[in-house]
Amino acid sequence: MDATTMVLALALGNLALCATLFFFEQSGHAGRPAVPTWGWSRLYQGAGWLLLAIGAAGVVPEGLALPIAYVLVFAGVAWESGAAWERAGRLRWRRATLPALGLAVAAFLLCWLIDPIGLRAVAASLVLGGFYLSLAAALARGWAAASMLQRFLALATTALAVVVGARGALVLLAPAGWGWMTSDILRQLHSGALYLLALVGGFGWLLLGREREQAELARLEVNDPLTDVPNRRGFFQALAPWMALARRPGQPTALVVFDLDQFKRINDGYGHPAGDVVLAHLINTCKRQLRDSDLLGRLVGVEFAILLPRTNLDDAAMVAERMRAAIEAERVKTERAMISLTASFGVTTIRPDDSTVTLLARADEALRVAKKAGRNRVEVAAAVLAPVEEE
């Protein structure tokens, strides 16, 4: 594949990715973080490579097409790096990227004016290699928690960026080549690396997006989206190992269930948005009374459960009383009113013969006793509860 064909392939590949992204957004998937930035990066690169191919073919004067084309390519790779930093949480990436891009363009144009062939190729290789290394650094951010796909993309991008930049470095240090690494071989490796970077960058970005979506879907299966605490399924998954540990001698584990008193009047009187604000406030209030090892979950509606590892019945009752007092003491500010809250609590500990059904039934019975006794109180489960048939 000659140089012109390679440049044309890079142009068409980037423009095809732009078209794919456009129709993907038109299908109702717009608004994803960093997608517009990445889309612009591909558009810049596609336009730059296409203009470079047109200039090489003589359709447009090369002296006019070449500098504009390279500026567009530099901007595209810089924006691709910025999209990766944006996805990694660095939303102010432009503060560093724009000055770096300005310096790179100025250096390239200066080299092009001095030597339109050799020095220009050196500058282009070093600039592209530098921006691709920035992209690799963004992909490597959070390495310990990164997926295998993200780690592979970071390593692959680093290796290919080194190949791209090596052409410029080798021409400067060894113009005649270095051993078996002749300038012709290096030029072919350089072109191949750019092509692979386009493929890896395009497919990698889309696959990372799909991977993130799958992780979010998996999280939502076990998390309540409103309160961002485990839902019933997630809570019982976390409870399972503690049920097994309860069959062994050791410190007890407690379970607290609680329910907001007369929550229906809040939704009916102030609307569901106010109810959502109340639930978010409730969760924050409860979390302030808990240890990092404690687990708060939403079972159903406004009924919540708290797992208190290595906590006996008396200590669990004290924790519940502290939470009850904190909920009662704070008023929730909504758009329509200041709302006072109270909650009722049922407390028990896991017993060696418990199942999740018997454990929850015992805690719910204590909660019902608290409701019948006037609400806004803590009740400890009775020592003996009639057996409940498992479903």
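Residues numbered from 1 in each chain as written. Predicted model: local features only at pLDDT ≥ 70, side-chain atom pairs only at ≥ 80, totals over all residues. Heavy atoms only, no water.

The name an unreviewed UniProt entry gives the protein is GGDEF domain-containing protein, with Massilia orientalis as the organism.

(A) Expanded view of the overall build of the protein. Within the protein, the secondary structure is distributed over twelve helices and seven strands. A total of 391 residues make up the protein; the buried ones form 46% of that total. For the protein, the share of sequence-separated contacts (at least 6 apart) that also reach a separation of at least 24 residues comes to 71%. Total accessible area on the protein is roughly 20,500 Å²; 62% of this is exposed by carbon and sulfur atoms. (Helix = DSSP H or I, 4+ residues; strand = E, 2+ residues; numbered from the N terminus. Buried < 20%, exposed > 50% of the residue type's maximum accessible area, 1.4 Å probe, protein only. Contact = heavy atoms within 4.5 Å. Areas by Shrake-Rupley, 256 points an atom, 1.4 Å probe, with all protein chains shown as cover.)

(B) Examining the confidence of the model for the protein more closely. On average, residues of the protein score 85 in pLDDT, and 89% of them reach the 70 mark or higher. Of all the helices and strands in the protein, helix α1 (residues 3–29) carries the lowest mean pLDDT, 67, while strand β6 (residues 343–349) carries the highest, 95. Low pLDDT, under 50, characterises residues 384–391; the predicted model gives this stretch nine contacts beyond four residues in sequence or across chains. (pLDDT = per-residue confidence, 0-100.)

(C) Inspection of helix α8 (residues 232–245) at higher detail. Compared with the 20 Å implied by 1.5 Å per residue over 14 residues, the 20 Å span of α8 between its first and last C-alpha is a close match. The largest bend along α8 measures about 30° and falls at Leu239, with the proline Pro241 one to four residues further on. Taken together, the buried positions of α8 are Gly234, Phe235, Phe236, Leu239, Trp242 and Met243. For α8, the N-terminal capping position is held by Asn231, with its side-chain oxygen 3.2 Å away from the main-chain nitrogen of Arg233. (Expected span 1.5 Å × (residues − 1). Bend = angle between axes of the 7 residues up to and from the residue. Polar contact = N/O pair within 3.5 Å; in protein donor to acceptor, adjacent residues only side chain to side chain.)

(D) The arrangement of the sheet that holds strand β3 (residues 303–308) in detail. Read across the sheet, five strands follow the order β2-β3-β1-β6-β7 without closing on themselves; strand pairing throughout is mixed. At either end of the open sheet lies a strand with only one pairing partner, and these are β2 (295–300) and β7 (378–380). Neighbour-to-neighbour, the strand axes of the sheet open up by a mean angle of 20°, direction not taken into account. Here five bridges tie β2 to β3, and the two strands are oriented antiparallel to one another. When the sheet's bridge partners are listed, Arg298 is paired in β3 with Phe304. Its contacts with the sheet place α8 against β1 (254–260), β2 and β3, and it is angled at close to 130° to β2. (Pairing = 2+ DSSP bridges. Axes fitted to C-alpha atoms, helices over the stretch in contact; angles between N-to-C directions.)

(E) Spatial organisation of the environment of Leu149. Here Leu149 lies in helix α6 (residues 148–173). Placed 62 residues apart in sequence, Leu149 and Glu211 show a C-alpha to C-alpha distance of 8.8 Å. Not counting chain neighbours up to four residues away, the residues in contact with Leu149 comprise Leu207, Leu208 and Glu211.

(F) Structural view of a nonpolar patch on the surface. Taken together, the side chains of Tyr195, Leu196, Leu199, Phe203 and Leu207 present a nonpolar region at the surface, about 460 Å² in accessible area. Within the secondary structure, Leu207 sits in helix α7 (residues 183–222). (Patch = residues over 30% accessible without salt bridge, like charges linked within 9 Å, V, L, I, M, F, W, Y side chains within 5 Å. Salt bridge = Lys/Arg side-chain N within 4 Å of Asp/Glu carboxyl O.)

(G) Fine view of the packing of aromatic side chains. Tallied over the entire structure, the rule returns ten aromatic pairs. An aromatic cluster of at least three residues, connected via ring pairs, comprises Trp40, Tyr44, Trp79 and Trp93. (Phe/Tyr/Trp six-rings, centres within 6.5 Å; stacked < 30°, edge-to-face > 60°.)

(H) Highlighting the nonpolar core. Core analysis: the largest hydrophobic core is formed by 43 residues, its most contacted members being Trp49, Phe74, Leu101, Leu128 and Tyr132. Taken together, the elements giving at least two residues each to this core come down to α1, α2 (35–56), α3 (62–87), α4 (94–114), α5 (118–140), α6 and α7. Here this core takes eleven residues from α3, the largest share from any one element. Residues contacting Leu128, with those up to four places away along its chain left out, are Val73, Phe74, Val77, Val164 and Leu194. (Core = buried A, V, L, I, M, F, W, Y, C linked by side-chain atoms within 4.5 Å.)

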